[in-house]
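Residue strings, one per chain:
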Amino acid sequence: MRMANVMPAAMLASLLLLFLSTAAVLAVCPPMCSCGRGHRTVDCSARGLSLLPDSLQHNINFLNLSHNRLQDLDGLLVHFAHLRTLDISHNRLRRLPSGLPRALWDIHASANRIRQLEKNDTAYHWNLQYLDLSNNQLERVVFINNTLPSLQALNLSHNKFWTVPTNMPHNLEVVDLSHNFLLQILPGSLDRMRQLNRFYLHANRFASLSEGAFEQLEALRLLTLGENPWACEEEENIAPLLQWAQRTPARVLGCPCYIRPTCGEAHLATGRSWHSASYTEPPLGADARDAGRRPPMQAVTAGYLSKSALLNLPHDRITGNASGAGELTKRGGLLTSTPSGPSSQTSTTIRVRSAKKAGTGQVRSTSAPAHTRSPLSISLWIAAVVFSTF
């Protein structure tokens, strides 16, 4: 009789555990987030979060935590071994979180409060291709030799650097150091960067540069030097840079001392590539909810970019939209670093646009534009409005 009482209790406990585990499996999308692609793309942006949401499925590959109040994510993301894209921009992080998954391709950590990047922060990210640390408070970054072998684009704009970081990964193709306090490039700092083809140094404090600073950049195609206080009267110091700018096959925007609007354009490739006027367009994945508040895009002026550089992402990325329907996109896409603040909110998640293309059966407005209406029709329209108020 006693055994008969024990067995139902044990079975009840087993059923309870099975129920709880089943509920945990089903609750793969936190209620405050939106998910897509079988809950593998998760968008938790702009939810006022101060803690990482529970119930995140471990095999997610896209996670957007941007525009929240997160202060510490150390060790909390290590279990997401399949994560490829992580957006933690526009939060309150004081350091790049430790224990980030090593499978990551893209890390977006702009507009936080990060002051330093230590050598161990990126030591094991063999797959990382894009790192955005713009709009932080960085004064120095430390990279270990031969780490980050896949990194192609590094965005350090809008920080507090005084010297171009040394020991940057040698395979980088795009580096954005615009809008800092840069005064110098130490000799030999760029000698290993044989694949660098786009280098953004505009809006800094350069007066001159050491001779041969860019000589080893064999793949360089675009260099921005505008908005720097070049000491053009010091001919001995500025002459080597001007001579290099005249003979380089790269395009130099913001040519020092205004000798020409651009330098070395003769060998510039033709066709609509990323360095054309298209780099004034909004970045791919810009959040539609801020489209009405975003300031108008500025054209390229004075031969250089007035805003931060736009970075190409050369590989496929998986993104999810607000409705939970993810899509695989080929990004020749553009991402930009934007000043922190409510008017500059952008997200890596491609959201549903409010203005959709009109279908064949969709009703369209037939009213004539204001400039085509006759004075009589305008008068009749005004009279109708006035009459309807009584």
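Residues numbered from 1 in each chain as written. Predicted model: local features only at pLDDT ≥ 70, side-chain atom pairs only at ≥ 80, totals over all residues. Heavy atoms only, no water.

(A) Examining the state of the cysteines more closely. Enumeration according to the criterion identifies 3 disulfides in this entry. One disulfide in the model links Cys33 with Cys44; its S-S distance is 2.0 Å. The sign of the 105 degrees torsion about the S-S bond sets the Cys33-Cys44 disulfide as right-handed. Note that Cys33 is positioned in the loop between helix H1 (2-26) and strand E1 (34-36) and Cys44 in the loop between strand E2 (41-43) and strand E3 (62-64), a separation of 11 residues in sequence. One exposure class covers both Cys33 and Cys44, and it is buried. (Disulfide = S-S within 2.5 Å. Helix = DSSP H or I, 4+ residues; strand = E, 2+ residues; numbered from the N terminus. Buried < 20%, exposed > 50% of the residue type's maximum accessible area, 1.4 Å probe, protein only.)

(B) Seen up close, the confidence of the model for the protein chain. Counting all residues, the mean pLDDT for the protein chain is 74, and 59% of those residues have values of 70 or more. Confidence over residues 21-27 falls short of pLDDT 50; this stretch has 1 contact with residues more than four positions distant or in other chains. Below a pLDDT of 50 lies the segment residues 266-373, which in the model reaches 227 contacts outside its immediate sequence neighbourhood of four places, other chains included. (pLDDT = per-residue confidence, 0-100. Contact = heavy atoms within 4.5 Å.)

(C) Main features of the pattern of salt bridges. Taken as a whole, this structure holds 6 salt bridges when the rule is applied. Salt-bridge contacts for Glu118 lead to Arg140; the nearest nitrogen and oxygen are separated by 3.6 Å. Placement of the pair is Glu118 in the loop between strand E6 (116-117) and strand E7 (130-132) and Arg140 in strand E8 (residues 140-141), with a sequence separation of 22 residues. Exposure remark for Glu118: the relative accessible area of 32% places this residue in the partly exposed category. Since its relative accessible area comes to 41%, Arg140 is described here as partly exposed. A salt bridge links Glu218 to Arg194, with the nearest nitrogen and oxygen atoms 3.1 Å apart. Here Arg194 lies in the loop between strand E10 (174-176) and strand E11 (198-200) and Glu218 lies in the loop between E11 and strand E12 (222-224), a separation of 24 residues in the sequence. Assessed through its relative accessible area of 59%, Glu218 is described here as exposed. Linked through salt bridges whose partners overlap, the residues forming this network are Asp74, Arg95 and Asp121. (Salt bridge = Lys/Arg side-chain N within 4 Å of Asp/Glu carboxyl O.)

(D) Region of the structure containing the packing of aromatic side chains. Inspection of the entire model under this criterion finds 5 aromatic pairs. On the basis of an interplanar angle of 10 degrees and a centroid distance of 6.0 Å, the ring pair of Phe206 and Trp230 is categorised as stacked. Within this pair, whereas Phe206 is found in the loop between E11 and E12, its partner Trp230 is found in the loop between E12 and helix H2 (235-247), the two being separated by 24 residues in sequence. Relative accessible area serves as the criterion here: at 0%, Phe206 is assigned to the buried category. Between the aromatic rings of Phe214 and Trp244, the centroid separation amounts to 5.0 Å while the plane-to-plane angle is 45 degrees, which identifies the pairing as tilted. With a gap of 30 residues between them, Phe214 in the loop between E11 and E12 and Trp244 in helix H2 connect regions that are remote in the sequence. The same class applies to Phe214 as to Trp244, namely buried. Members of the aromatic cluster, connected to one another through ring pairs, are Phe199, Phe214 and Trp244. (Phe/Tyr/Trp six-rings, centres within 6.5 Å; stacked < 30°, edge-to-face > 60°.)

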